[in-house]
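Each chain is listed here by its residues.
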Amino acid sequence: MSTSTELSRSYGALVGLAIGDALGMPTQSLSYEVIREQFHKVKTFNDPSPQHPYAAGLKAGMVTDDTEQSLLVASLLASKNGEFDQREFAKQLISWEESIRDRGLLDLLGPSTKAALTNLQAGMDPALAGLGGTTNGAAMRIAPVGIICPSTDIDRLVNKVIEVSMLTHNTSSALGAAAAVAGIISGSIDSLAPTYAVALGIEAAERAAMHGFQDGGDIVARIKRAVVIASSGDDEQLRKEIGTSVNATQSVPCAIGLFVMYQNNPWEGCCIAASIGDDTDTIAAIAGAMLGASCGPDGFPGNAINTVETINSLNLRGVAQDLLALRH
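For the structure given in this document, a descriptive report is provided here.

Cut-offs applied
Residues numbered from 1 in each chain as written. Predicted model: local features only at pLDDT ≥ 70, side-chain atom pairs only at ≥ 80, totals over all residues. Heavy atoms only, no water. Salt bridge = Lys/Arg side-chain N within 4 Å of Asp/Glu carboxyl O. Helix = DSSP H or I, 4+ residues; strand = E, 2+ residues; numbered from the N terminus. Buried < 20%, exposed > 50% of the residue type's maximum accessible area, 1.4 Å probe, protein only. Phe/Tyr/Trp six-rings, centres within 6.5 Å; stacked < 30°, edge-to-face > 60°. Lys NZ or Arg CZ within 6 Å of the ring centre and 35° of its normal.

Applying the stated criterion across every chain yields a total of 10 salt bridges. Asp-155 is the partner of Arg-207 in a salt bridge, and the nearest nitrogen-oxygen pair spans 2.5 Å. Of this pair, Arg-207 sits in helix 11 (residues 194-208) while Asp-155 sits in helix 9 (residues 154-165); the two residues are 52 residues apart in sequence, bridging distant segments of the chain. When its relative accessible area of 30% is taken as the criterion, Arg-207 is described as partly exposed. Residue Asp-155 is classed as partly exposed on the basis of its relative accessible area, which comes to 45%. In this structure, the salt-bridge partner of Lys-160 is Glu-163, at a minimum N-O distance of 2.9 Å. Linking Lys-160 with Glu-163, this pair stays in helix 9, spanning 3 residues, or about one helical turn.

As structure tokens, this is what we get:
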């Protein structure tokens, strides 16, 4: 039976994911310099520019594909008692993109996911469809796996990460990145201190990166380097040396570095992530999920939680309860 602490931290992971996503929504794809010019530093939810290439039409506090696809994964896992139907997931991703178009929005499927689904529709084996997926799409939607898998069973966690991710991101970098995020979330839910949660995440990344197409990205080394940079508290160096692009070897280690740096201030960590440039919504969503799992929902302002849940019609506590029921 789940404890109140586990529920609080699981809920915190989903809250942090949504808050980080919403903070980064209007700055996604913009350079660090442009963000500085337009926002100086993100301090609250903002409307995107009407000319924004992806977020035009959204309102302050609204989430993007990071949260919506994470909740698709959560729904599938909860409905199948923890099992994951890859073909059903593919159908739901296609339906999700159609609904985005119907809403007149522009933030569609990412390049790796789109390519994998095209391969699948052409008759390719699901095990082969994601061999080109080196972006951060698997890591951005992996939080539900961190909630359902206890940190005491790392083999189960890594296997579930691979099962959930391989359809679209079956490469060593993407699988390792997703496993690191899931491991940190899982360890945090089990009340591991951030240092130990990161160590667990790195171990999960090492194991997961042995699978899939070996793309030479060395995700583990880049996570370790991001942690070293983070220990100095220099987010500028993190941005410049690690990078902030959609590539899993940049954005995910960057998010993990921000987790280490802002482990005692989740809201500030998400604001910095939303200000850091390039793939800000995903960096902030991933960092927020890890920070929320570590600190619980109290790490975020109550009005921010209320805003993001209300404007997006989210029942994140209910989702957390459904996922946590599968953890033990």
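One pass over the full model with this rule turns up 2 aromatic pairs. Between Phe-45 and Trp-267, the aromatic rings sit 6.1 Å apart at their centres with planes inclined by 85 degrees, giving edge-to-face as the arrangement. Of this pair, Phe-45 sits in the loop between helix 2 (32-39) and helix 3 (65-79) while Trp-267 sits in helix 15 (residues 266-275), placing them 222 residues apart in sequence. Like Trp-267, Phe-45 is buried. If you follow Arg-239 out to its NZ or CZ, it ends over the ring of Tyr-32, 3.8 Å from the centre. For the cation-ring pair, Arg-317 lies above Tyr-11, with the distance from its terminal atom to the ring centre recorded as 4.1 Å.

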